[in-house]
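Examining the three-dimensional arrangement
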Amino acid sequence: MVNYNELTSHELKDIINNQEITSEEVIHTIFERIDKVEPKIHAYVSLFRESALKNAKIIDDRIKKGETIGRLGGIPIAVKDVICTKGKPTTCGSRILENYIPPFDATVIERIKKEDAIIIGKTNMDEFAMGSSTENSAFGYSRNPWALDRVTGGSSGGSAAAIAADETIIALGSDTGGSIRCPASFCSVIGLKPTYGLVSRYGLVAYANSLEQIGPITKDVTDCALLLSIINGNDYYDSTSVPFQNKDYMNALIDDVKGFTLGVPREFFGEGTEKAVEKCVWTAIHKFEDLGAKYSEISMPHIIYSIPTYYIIAMSEASSNLARFDGMRYGFRAEKTDADWNEIFEITRQKGFGPEVKRRIILGSFALSAGYYDKYYLKALKIRTLIKKDFETALANHSALIAPTMPTPPFKIGEKIENPLNMYMSDIDTVPINLAGVPSISIPCGFVNGLPVGMQIIGRFFDEETILRIAYTYEQNTSFNKEKPTL
């Protein structure tokens, strides 16, 4: 018996098109799976069963009439709850937006709808995408399908958990400092952070504008390339969107890395990286060597400054972006009729924001304050330029770079949440990529005591084709992403 919820979108698409199964039946299968495992996982904050079934019936009717449907025709997709969906809640994992319903779709949502994808729900996340474990969600944490006492990673933990638990077929996440790649690593799925500017950010609720990108989280590299093919391209509504026409990445899926040169930066294997994780990644590197690629160890000297640089910049941008949540225009508002605007503003934010969001707003406001701007924020921007140059130098001589996605396997729920600095240090291998703006894909490369380990393949600016090709070749010659958690 075929478990349709376990298939990929490119497999399901053919089955639906050939009328071997209807899209409505696929949606029913997905929601049966959600009903079964969601109480354990908590991947979603909202589900759209009624509208999903309605849209599936429309797709089925079009197929019966012989009409051509889109590349995601009838395919269920989960969307991180930081991406605006018209007429559907977008909470950002925060009480302050608990009842917010956007009057418009994000550009990426318009593009997947144009290809006839069916949105089945919005996924859990760290509040305003601030976190590496999804424990900062105002609606409760998600659990890792591979070990229910472990975190999913964050901040796109709900999307990755839904993919790993077969509660959806494909998903969208966002990545500010590793928020797609971290949960992809922890949940043993595929996650890609595109080059900054390749995918429109219009409709993505802002945390740190200069760092974040929307990207795919999927079961295999083919689905990753397919979803990226749909969401990329210039957007008039996003001033940071590059003036490139939409590109098809499916042609990059070639099982061959002969002649490729891979750089292995020593700094990504430094203090804090578990030996077992290093071993998994080095085994993968030697696998590439067996497949015809060559590698060399390199040094990227400014990577060691990535964590403080990232958090100064990200928190500064967050303090500015989150000033808009004042209780006046939309979202939660404190009920105190006799208070003036300043008091309403204060109480609303005090009750509406969680502790991690408050912490980052305070630190960001401090870094931008008079007398400290040059000392912290301006200096961080200068170091960011040096980190970017490190990547440009390394990638000028290599096809791609290989590194661990995370320094450890998924940690236990509650293990780091009370120690913010310890939590921040877990981002050590992911934030440099966001500071530089280059693309990176995380793929499964092994297990340590039954817990997933991910490897990231880092590419040149706007050269997603190369990292997809390298990832696809590895996937075709190994079996890690074919394994499933037992729930």
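For the structure, see preceding data.
Keep in mind that what you see is a predicted model, and the values were worked out from it rather than measured.

1. Topic: the overall build of the chain
When helices and strands are counted, the chain shows 15 helices and 11 strands. Its C-alpha radius of gyration of 21 Å places the chain within 12% of the 23 Å reference for a compact globule of 487 residues. Principal-axis analysis of the C-alpha atoms places the extent of the chain at approximately 65 × 55 × 45 Å. Put simply, of all contacts in the chain between residues at least 6 apart along the chain, 76% involve residues at least 24 apart.

2. Quick look at the pairing of strand 3 (residues 118-123)
In terms of burial, strand 3 is largely enclosed, as six of its six residues are buried. With three bridges joining them, strand 1 (residues 44-47) and strand 3 adopt antiparallel strand pairing. Residue pairing for strand 3: Leu 47 is matched across the bridge by Gly 121. Relative to strand 3, strand 2 (residues 76-80) runs parallel, the two sharing five bridges. Within strand 3, the position partnered with Ile 77 by the bridge is Ile 119.

3. Concerning the environment of Lys 294
Its location among the elements puts Lys 294 in strand 8 (residues 294-298). Sequence separation of Lys 294 and Lys 258 is 36 residues, and the distance between their C-alpha atoms is 8.3 Å. Residues within four places of Lys 294 in sequence aside, it is in contact with Phe 260, Thr 261 and Leu 262.

4. Considering the nonpolar core
Counting 142 residues, the largest nonpolar core has Ile 112, Phe 128 and Phe 391 as the members making the most contacts within it. For this core, the element with the highest residue contribution is helix 7 (residues 221-231), accounting for eight residues. Phe 391 has contacts with Phe 268, Met 300, Ile 303, Leu 401, Pro 432, Ile 433, Ala 436, Val 438 and Ile 458, leaving out every residue within four places of it along the chain. Among the nonpolar cores identified, the runner-up in size contains six residues, and Val 151, Cys 182, Met 406 and Met 423 belong to it.

5. Description of helix 12 (residues 373-396)
The end-to-end C-alpha distance of helix 12, which contains 24 residues, comes to 33 Å, matching closely the 34 Å that a straight helix rising 1.5 Å per residue would cover. At Lys 379, helix 12 shows its maximal kink, close to 25°. For helix 12, the full list of buried residues reads Tyr 377, Ala 380, Arg 384, Ile 387, Asp 390, Phe 391, Ala 394 and Leu 395. Here the buried face of helix 12 lies against strand 8, helix 9 (306-321), helix 11 (355-368), strand 9 (400-404), helix 14 (431-436) and strand 11 (451-458).

6. Examining the sheet that holds strand 3
Either a parallel or an antiparallel arrangement is found when strands of a sheet pair, and the pairing is made through backbone hydrogen bonds. Within the open sheet, the 11 strands sit side by side as 1-3-2-4-6-5-10-11-9-7-8. Their pairing is mixed. The open sheet terminates on both sides in strands that have one partner only, identified here as strand 1 and strand 8. Pairs of neighbouring strands in the sheet enclose a mean axial angle of 30°, with direction left out of account. Relative to strand 6 (residues 213-218), strand 5 (residues 190-193) runs antiparallel, the two sharing two bridges. Each residue of the ladder has a partner; that of Gly 191, found in strand 6, is Ile 217. The strands touched by helix 2 (residues 23-41) are strand 1, strand 2 and strand 3; relative to strand 3, the strand with the most contacts, the crossing angle is about 20°.

7. Some remarks on helix 8 (residues 275-290)
Spanning 16 residues, helix 8 covers 22 Å between terminal C-alpha atoms, matching the ideal 22 Å at 1.5 Å per step. Among the residues making up helix 8, those that are buried are Val 277, Glu 278, Cys 280, Val 281, Trp 282, Ala 284, Ile 285 and Phe 288. Contact partners of the buried residues in helix 8: strand 7 (261-265), strand 8, strand 9, strand 10 (440-448), strand 11 and helix 15 (464-476). Directly beyond the C-terminal end of helix 8, a positive phi value near 110° is found at Gly 292.

8. Notes on the pattern of salt bridges
Following the criterion strictly, the structure yields 19 salt bridges and no others. Arg 62 is the partner of Glu 67 in a salt bridge, and the nearest nitrogen-oxygen pair spans 3.3 Å. Exposure remark for Glu 67: the relative accessible area of 39% places this residue in the partly exposed category. Take Arg 62: its relative accessible area is 22%, and that puts it in the partly exposed class. Two residues, Arg 359 and Glu 356, come together in a salt bridge whose shortest N-O distance is 2.3 Å. Taken together, the positions of Arg 359 and Glu 356, both in helix 11 and three residues apart, correspond to about one turn of that helix. You can call Arg 359 partly exposed: its relative accessible area is 30%. Ionic contacts of the salt-bridge type, sharing partners, join the residues Arg 62, Glu 67 and Asp 116 into one network.

9. So, the side chain of Asn 5
Within the fold, Asn 5 resides in the segment before helix 1 (9-17). A residue is classified by how much of its surface remains accessible, and Asn 5, at 9% relative accessible area, is buried. A distance of 3.3 Å separates a polar side-chain atom of Asn 5 from the backbone oxygen of Asp 166.

10. Some thoughts on the environment of Arg 349
The residue Arg 349 is located in helix 10 (residues 341-352) in this model. Sequence spacing of Arg 349 and Arg 95 is 254 residues, and the spatial spacing of their C-alpha atoms is 9.8 Å. If we ignore the near neighbours within four places in the chain, the residues touching Arg 349 are Ile 96, Leu 322, Ala 323, Phe 325, Lys 358 and Ile 361.

Rules used in this analysis
- Residues numbered from 1 in each chain as written.
- Predicted model: local features only at pLDDT ≥ 70, side-chain atom pairs only at ≥ 80, totals over all residues.
- Heavy atoms only, no water.
- Helix = DSSP H or I, 4+ residues; strand = E, 2+ residues; numbered from the N terminus.
- Rg over C-alpha atoms; globule rule 2.2 N^0.38 Å.
- Contact = heavy atoms within 4.5 Å.
- Buried < 20%, exposed > 50% of the residue type's maximum accessible area, 1.4 Å probe, protein only.
- Pairing = 2+ DSSP bridges.
- Core = buried A, V, L, I, M, F, W, Y, C linked by side-chain atoms within 4.5 Å.
- Expected span 1.5 Å × (residues − 1).
- Bend = angle between axes of the 7 residues up to and from the residue.
- Axes fitted to C-alpha atoms, helices over the stretch in contact; angles between N-to-C directions.
- Salt bridge = Lys/Arg side-chain N within 4 Å of Asp/Glu carboxyl O.
- Polar contact = N/O pair within 3.5 Å; in protein donor to acceptor, adjacent residues only side chain to side chain.

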